[in-house]
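Close look at the chain arrangement
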Amino acid sequence: MTQPYAIQGDVHPARLLHGFSGPVHLPGEAGYDERRRSLNPSVDPRPLLVAEAAHEDDVRTALLAARRHGLPFAVQATGHGTHAGCDGGIVVNTSAMASVLVDPGRRIARVGPGARWGEVIAACAPFGLAPLSGSSPSVGVTGYTLGGGLGWLARRHGFAADSVVRARVLTADGRHVTADAGRHPDLFWALRGGGGGFGVVTSLEFRLHPVSEVYAGFAYFPIEGAAETLAAYRDWIERIPDALSTAVVLRRMPDDAATPEPLRGRRVLMVKAVHAGEADDARRLLAPLWRAAGPALLDETAPMPYARTAMGGTAARHLDLFDALPDEVIGTLVEASEHARTVEVRHWGGAMGRPGPDAGPVSRRSTRLSVIVDTPPPGLAEALRPHANGGTFLNFLTDPSRTASAFAPDDLRRLREIKHAYDPDAFFRVGHTV
């Protein structure tokens, strides 16, 4: 395959990374296809090489080589946030840099750029602490957090980006800097929701929260009452406390032996719930929604350690944010669910809408609800657009050309100024950048 970039100096790719200590994979070699892959099936990246970094000096070696030879450069851990291919460039895979250190006294965790949420949750659990983790334990911590980080404790404790207290960053010119409230405060602000286009974060520190047990799980109801249940949900969310996070999902269940028999092969309405509080309180709070949707086909909600919650996510092939959920939107979503595999309506609000005075650029904090559809039918976007608030959320945005839409205008101007200060020649240009 012809590479779109020529290597300055006519150096063979195998000799580009002199001094790099980790494995380097070239096209056609074992490990290349596995390490280059994105979880987004529409992206088929073809980098010049994939280098597995063992430590931050490896990342710097790869970055300087890319600069020296005029090559695109990108960092990847789990592949969840890969929405554009680094074709003909150097991809640094940080999966091996997965250190997790927990300071229970200060309620702080420090992680490497390859750490996944499952590893952090497991390290925090013995101390009765929890991070503001995502829906799946396989998601990488750093990319999720830099993009804002909407987790199942967010209504109570805010976005994951709001919990960050310090980052070690490799800048575009190869310098290592520490960004926090006192050092490089402008870069620190940008990293807390502005994405990874300002530098390579090689270490991230964030606050933990005293959450050891939750009431959580899924309950499944007949799809026939979907419109009435969503209308009831719209009213019900106005009265619930921040400790309770929920989503209503219209879903076509698999027709296989792994699916419980009452659900097998049928369309259902599923409620996801996580309550960071007492089980009795959770049951009382959820009871009106259960009555509106019921009777349940299957109720799997129960008290459990936070470490056992695995709420799962919906691939965001379509995303809209809403400040209200009018009947027209409900009707459109119910109709879309006849064709899509999954339609998820999720409640925001709570602490997400109450940022501190030094909060980063996570936008649309006043959003009440999000709608995600994994297989959007034709015409869905046009039908929903008049009712949506026009924003998006960086973690769920798969189109890098729309990155600017994830930020408020004033924040976007400031982000672009900071980008120019730390990366004046736009070296970090693959994926979401301002």
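This text goes with the structure placed above it.
Starting afresh in each chain, residues are numbered from 1 along the sequence in its written order. Thresholds applied to this predicted model are a pLDDT of at least 70 for local features of residues and 80 or more for the giving and counting of side-chain atom pairs; totals over whole chains, interfaces and linings are not thresholded and use all residues. Excluding hydrogens and water, the side-chain figures rest on all heavy atoms present in the structure.

**Side note on empty space enclosed by the protein**
Put simply, the grid is 1 Å and covers the protein atoms alone, a cavity is a trapped set of points that fit a 1.4 Å probe, a pocket is an open set with protein on both sides within 12 Å along at least five of seven lines, and lining residues have an atom within 4 Å of a point. Grid points are joined across faces, edges and corners, and a volume is the space filled by probe spheres set on the points. Considering all chains together, one arrives at one cavity of 30 Å³ or more under this definition. In this structure, the largest cavity encloses a volume near 30 Å³. Every residue along the wall of the largest cavity is listed here: G147, G193, P361, V362, S363, F393, L394, A406 and F407. The class makeup of the residues in the lining of the largest cavity is six nonpolar, three polar and no charged. Note on residue classes: Ala, Val, Leu, Ile, Met, Phe, Trp, Tyr, Cys and Pro are nonpolar, Asp, Glu, Lys and Arg are charged, and everything else, Gly too, is polar.

**A short note on the layout of surface pockets**
In this approach a probe as big as a water molecule rolls over the atoms, and the regions it shows empty are the leftover space. Of the pockets and cavities examined, the second largest pocket occupies roughly 280 Å³. Considering the residues around the second largest pocket, the lining is formed by 16 residues, among which R251, M270, G313, T314 and T342 are closest to the centre. Helix numbers and strand numbers start at the N terminus; a helix is a DSSP run of H or I with at least 4 residues, a strand a run of E with at least 2. For the lining of the second largest pocket, the elements supplying multiple residues, two or more each, are β11 (244-252), β12 (267-275) and β16 (342-347). Ranked by the residues each element gives to the lining of the second largest pocket, the list is headed by β11, at three residues. Each residue belonging to the lining of the second largest pocket can be placed in one class, and the counts come to six nonpolar, four polar and six charged.

**What to know about unusual backbone geometry**
Cis geometry is found at the peptide bond from G294 to P295, where omega equals 0°. With respect to the element layout, P295 can be found in the loop between α8 (279-293) and β13 (298-299). One non-glycine residue with positive phi stands out, namely R364, at about 55°. Only protein chains enter the accessibility calculation, which uses a 1.4 Å probe; a residue whose area is less than 20% of its type maximum is buried, one above 50% is exposed, and one in between is partly exposed. Its relative accessible area of 34% is what places R364 among the partly exposed residues.

**So, the environment of D180**
Looking at the secondary structure, you find D180 in the loop between β8 (176-179) and α6 (185-191). When the C-alpha atoms of D180 and A167 are compared, they prove to be 6.6 Å apart, with 13 residues separating the residues in sequence. Every residue in contact with D180, bar those within four places of it in the chain, is listed here: V165, R166, P185 and F188. Here a polar contact is recorded for every N or O atom pair within 3.5 Å, except that within protein the pair must consist of a potential hydrogen donor and a potential acceptor, and residues adjacent in sequence are included only if both atoms are side-chain atoms. Here R166 takes part through its side chain, which lies 3.3 Å from a polar atom of the side chain of D180. A polar side-chain atom of D180 sits 2.7 Å from a polar atom in the side chain of R183. Two residues qualify as a contact provided that any one of their heavy atoms is within 4.5 Å of a heavy atom in the partner residue.

**Structural notes on the packing of aromatic side chains**
In summary, the pairing rule links any two rings of Phe, Tyr or Trp, Trp by its six-membered ring, whose centres are within 6.5 Å, and it sorts them by plane angle into stacked for under 30 degrees, edge-to-face for over 60 and tilted for everything else. Enumeration over the complete set of coordinates arrives at 11 aromatic pairs. Look at W117 and Y144: their rings are 5.5 Å apart centre to centre, the planes differ by 85°, and that puts the pair in the edge-to-face class. With W117 in helix α3 (residues 117-124) and Y144 in helix α4 (residues 141-146), the pair connects residues that are 27 residues apart, well separated along the chain. Here the two residues W117 and Y144 agree in accessibility, since each one is buried. Over the aromatic face of F427 sits the side chain of R67, whose NZ or CZ is 5.0 Å from the ring centroid. Here, a charge over a ring is recorded when the distance from Lys NZ or Arg CZ to the ring centre is within 6 Å and its angle to the ring normal is within 35 degrees. The ring of W152 has R346 sitting right over it, with the charged end atom 4.1 Å from the ring centre.

**A look at the sheet that holds strand β3 (residues 73-76)**
The pairing criterion for strands is at least two bridges between them, as found by DSSP. Taken together, four strands build an open sheet; the order of strands is β1-β2-β4-β3 and the sheet is mixed. This sheet does not close on itself; its edge strands, each paired only once, are β1 (24-25) and β3. With four bridges joining them, strand β2 (residues 49-52) and strand β4 (residues 90-93) adopt parallel strand pairing. Opposite A51, over in β4, you have V92 as the bridge partner. Note on geometry: axes are lines fitted to C-alpha atoms, helical ones only across the stretch in contact, with angles between N-to-C directions running from 0 to 180 degrees. In this fold helix α2 (residues 56-68) packs onto β2, β3 and β4, with an angle of close to 170° to the strand it touches most, β4.

**Thoughts on helix α9 (residues 327-336)**
Because the α-helix completes a turn every 3.6 residues, residues three or four places apart line up on one side. Those residues of α9 not exposed but buried are V329, I330, T332, L333 and A336. One side of α9 holds all its buried residues, which, seen down the axis, span an arc of 165°. Looking at the buried residues of α9, the elements they touch are α7 (226-236), β11, β15 (318-322), β16, β17 (369-373) and α10 (380-384). Note that the arc is defined by the directions from the helix axis to the C-beta atoms.

Purely geometric numbers; function is a separate question.
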